[in-house]
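# Residue-level structural notes
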Amino acid sequence: MLDEMRRRWSVIPTWIKVVPVAGLLVGLGLANWWLLPLRPDLAAFVQRLFFLPLFMASLLFGLKGGLICAALIGLNYLDFFHDPANGRAATYLMALELSLYFFTGALTGFLVDRERREAKRLKEAENLALLGQAAGAVAHELKTPLIAIGGFAQRIQRDLPPDHPYRHQLKILVDQVSHMEALLRQMLDYTRPLELRPVPVDPAELVQEVFLLTEAMAKKRAVRLAHELGGKELTVPADRIRLKQVLINLVQNAVQASPRGGVVVVRALEDKEHLTLEIMDQGPGIAPEEQKNIFLPFFTTKKGGTGLGLAITRKNVLAHHGELVLQSAPGKGSTFRVVLPRAGEGAAAATP
């Protein structure tokens, strides 16, 4: 019921929400201005009613709305502060009351914004869980017939003579079936629960292995691989296979995004609690409107991409109680940061 009320309220135009708040502010402001010289006691009562539009603005528009409303309420107190007849004690009390408006609006707006973010996060998590279940069921049902189709197509391709007119079309069929099989494997990987086996891992050694595996792709695209991990004794508790999968995917994405002659750099930053691995490319960058969706399943900006690579990568990082962060700007390349907890009670016992 609460979600339905939120949904209906969200479609109401903003100006309709502003009207009652603005009306109360104007009405109370005029009443305060008219009563102040005639009935100061009633004017003081009207001033307390300013909390009503303040709460309304905070609940409707969050932190920004609460602060703006508090500032508009403060306009009604300007004459008081400019009146030399008011003593220091009265001025101090009035300033304290005005500060209370700002504090109330800020606190209420902050709590409302936080509740909205949490509700949005839970809704997205619920949608992703349902999407994962549906994707897993579809992948499981399609896997067996697709393997049969691919096997028969490959057998026919082997039996056809090299100059057969349908050999090229059959090769396209085999390649597309292989692409679909890879997509199904990624879908199943994304939906399966992770089992981590954390051991002390040397990131420098792991990066060297990743570079060996991606070196052929980098040479083909004329991209140089470099790292800034030499001479550092770095260890982090992690599942070696999963962390290797994370680095391979990020390095491959960086190579694909980089121009010919570009450089992909991997470096490490450390403090007492975290180890951060940065994978930097010199590509075109990622537009701001795409960055918020970059980790969502099936969202991709690459031609022929599945949209599951970064989703699986983020899932592996989160399973390590870590964080995957993107920093990018159009024309300035992209940097993916893998933040992992260092050796400690929580990190050493990393579990799904």
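Within every chain, residues take consecutive numbers counted from 1 along the sequence as written. Only residues with pLDDT of 70 or above have their local features reported here, since the model is predicted, and side-chain atom pairs are shown and tallied only from 80 upward, although totals for entire chains, interfaces and linings are computed over all residues. With hydrogens and water set aside, each side-chain value is computed from the structure's full complement of heavy atoms.

### A short note on helix 4 (residues 51–74)
Selection criterion: A run of H or I in DSSP becomes a helix once it reaches four residues, and a run of E becomes a strand once it reaches two; helices and strands are each numbered from the N terminus. By this rule, a helix spans an expected 1.5 Å times one less than how many residues it contains. The seven residues ending at a residue and the seven starting there each receive a fitted axis; the angle between those axes is the bend at that residue.
Under the 1.5 Å per step criterion, the end-to-end length of helix 4 is only 12 Å for 24 residues, more than 12% shorter than the ideal 34 Å. At Phe61, helix 4 shows its maximal bend, which comes to roughly 150°.

### Remarks on the UniProt feature "transmembrane region" (unreviewed entry) in the chain
Cut-off, in case you're wondering: UniProt positions are given in the numbering used here, feature names are shortened, and annotations may be inferred rather than shown by experiment.
Feature annotation in UniProt places "transmembrane region" (unreviewed entry) on residues 15–37, 49–77 and 89–112, given in this structure's numbering. Counting secondary structure, residues 49–77 comes out at 83% helix and 0% strand; the distance between its end C-alpha atoms is 14 Å. Across residues 89–112, helical content stands at 100% and strand content at 0%; the span's end C-alpha atoms are separated by 35 Å.

### As for a nonpolar patch on the surface
Defined as follows: Residues forming no salt bridge and having over 30% relative accessible area are the ones grouped into patches, like charges within 9 Å of each other and nonpolar side chains (Val, Leu, Ile, Met, Phe, Trp, Tyr) within 5 Å. All accessible areas in this document rest on Shrake-Rupley with a 1.4 Å probe, and a residue is counted as covered only by the protein chains that are shown. The salt bridge definition used is simple: a Lys or Arg side-chain nitrogen within 4 Å of an Asp or Glu carboxyl oxygen. Relative accessibility decides the category of a residue: with a 1.4 Å probe and only protein chains considered, values under 20% of the type maximum give buried, values over 50% give exposed, and everything between is partly exposed.
A contiguous nonpolar surface patch, about 670 Å² in accessible area, is contributed by Leu63, Leu67, Leu100, Phe102, Phe103, Leu107, Phe110 and Leu111. Broken down by secondary-structure element, the contributors of at least two residues to the nonpolar patch are helix 4 and helix 6 (88–159). Here the element with the most residues in the nonpolar patch is helix 6; it accounts for six residues. Relative to the helices and strands, Phe103 resides in helix 6. On the accessibility criterion, Phe103 (53% relative accessible area) is exposed.

### Let's talk about the sheet that holds strand 6 (residues 323–328)
Stated precisely, the cut-off is as follows: Here, strands pair whenever DSSP counts at least two bridges between them. Axes, fitted as lines to C-alpha atoms, cover a helix only where it is in contact. Angles between the N-to-C directions of the axes lie from 0 to 180 degrees. Contacts: residue pairs with any heavy atoms within 4.5 Å of one another.
An order of 2-4-5-7-6 is seen for the five strands of this open sheet, with the pairing classed as mixed. Each end of this open sheet is capped by a strand with a single partner; those strands are strand 2 (224–228) and strand 6. Each neighbouring strand pair of the sheet contributes to a mean axis angle of 15°, computed without reference to strand direction. Where strand 5 (residues 274–280) and strand 7 (residues 334–341) come together, seven bridges link them in antiparallel fashion. Bridge pairing in strand 7 places Glu278 opposite Arg337. Contacting strand 2, strand 4 (263–270) and strand 5, helix 8 (residues 203–220) crosses the sheet at an angle of about 170° to strand 2. Where helix 11 (residues 309–319) meets the sheet, its contacts fall on strand 6 and strand 7, and the angle it forms with strand 6 comes to roughly 135°.

### What to know about the side chain of Ser258
The line we're drawing: N or O atoms closer than or at 3.5 Å make up a polar contact, with two conditions inside protein: a donor-capable atom paired with an acceptor-capable one, and, for residues adjacent in sequence, both atoms drawn from side chains.
Within the secondary structure, Ser258 is located in the loop between helix 9 (240–257) and strand 4. A relative accessible area of 6% places Ser258 in the buried class. Here Ala254 takes part through its backbone oxygen, which lies 2.7 Å from a polar atom of the side chain of Ser258. In contact with Ser258, other than residues within four places in its own chain, are Val223, Val263, Val264, Asp281, Gln282 and Gly283.

### Notes on unusual backbone geometry
The backbone of Ala222 sits at a positive phi, close to 60°, despite the residue not being glycine. Tracing the sequence through the fold places Ala222 in the loop between helix 8 and strand 2. In this structure, His321 is a non-glycine residue whose phi angle is positive, near 60°.

### Focus: helix 8
When the terminal C-alpha atoms of helix 8 are compared, their 25 Å separation across 18 residues agrees well with the 26 Å that a helix rising 1.5 Å per residue should span. The largest bend in helix 8 comes to about 50°, at Thr214. Here helix 8 has its buried residues at Pro203, Ala204, Leu206, Val207, Val210, Phe211, Thr214 and Ala218. Lining the buried residues of helix 8 we find strand 1 (198–201), strand 2, strand 3 (236–239), helix 9, strand 4 and strand 5. Of the residues flanking the start of helix 8, the one acting as N-cap is Asp202, its side-chain oxygen 3.2 Å from the backbone nitrogen of Ala204. In the stretch just after helix 8, Ala222 is the one whose phi turns positive, near 60°.

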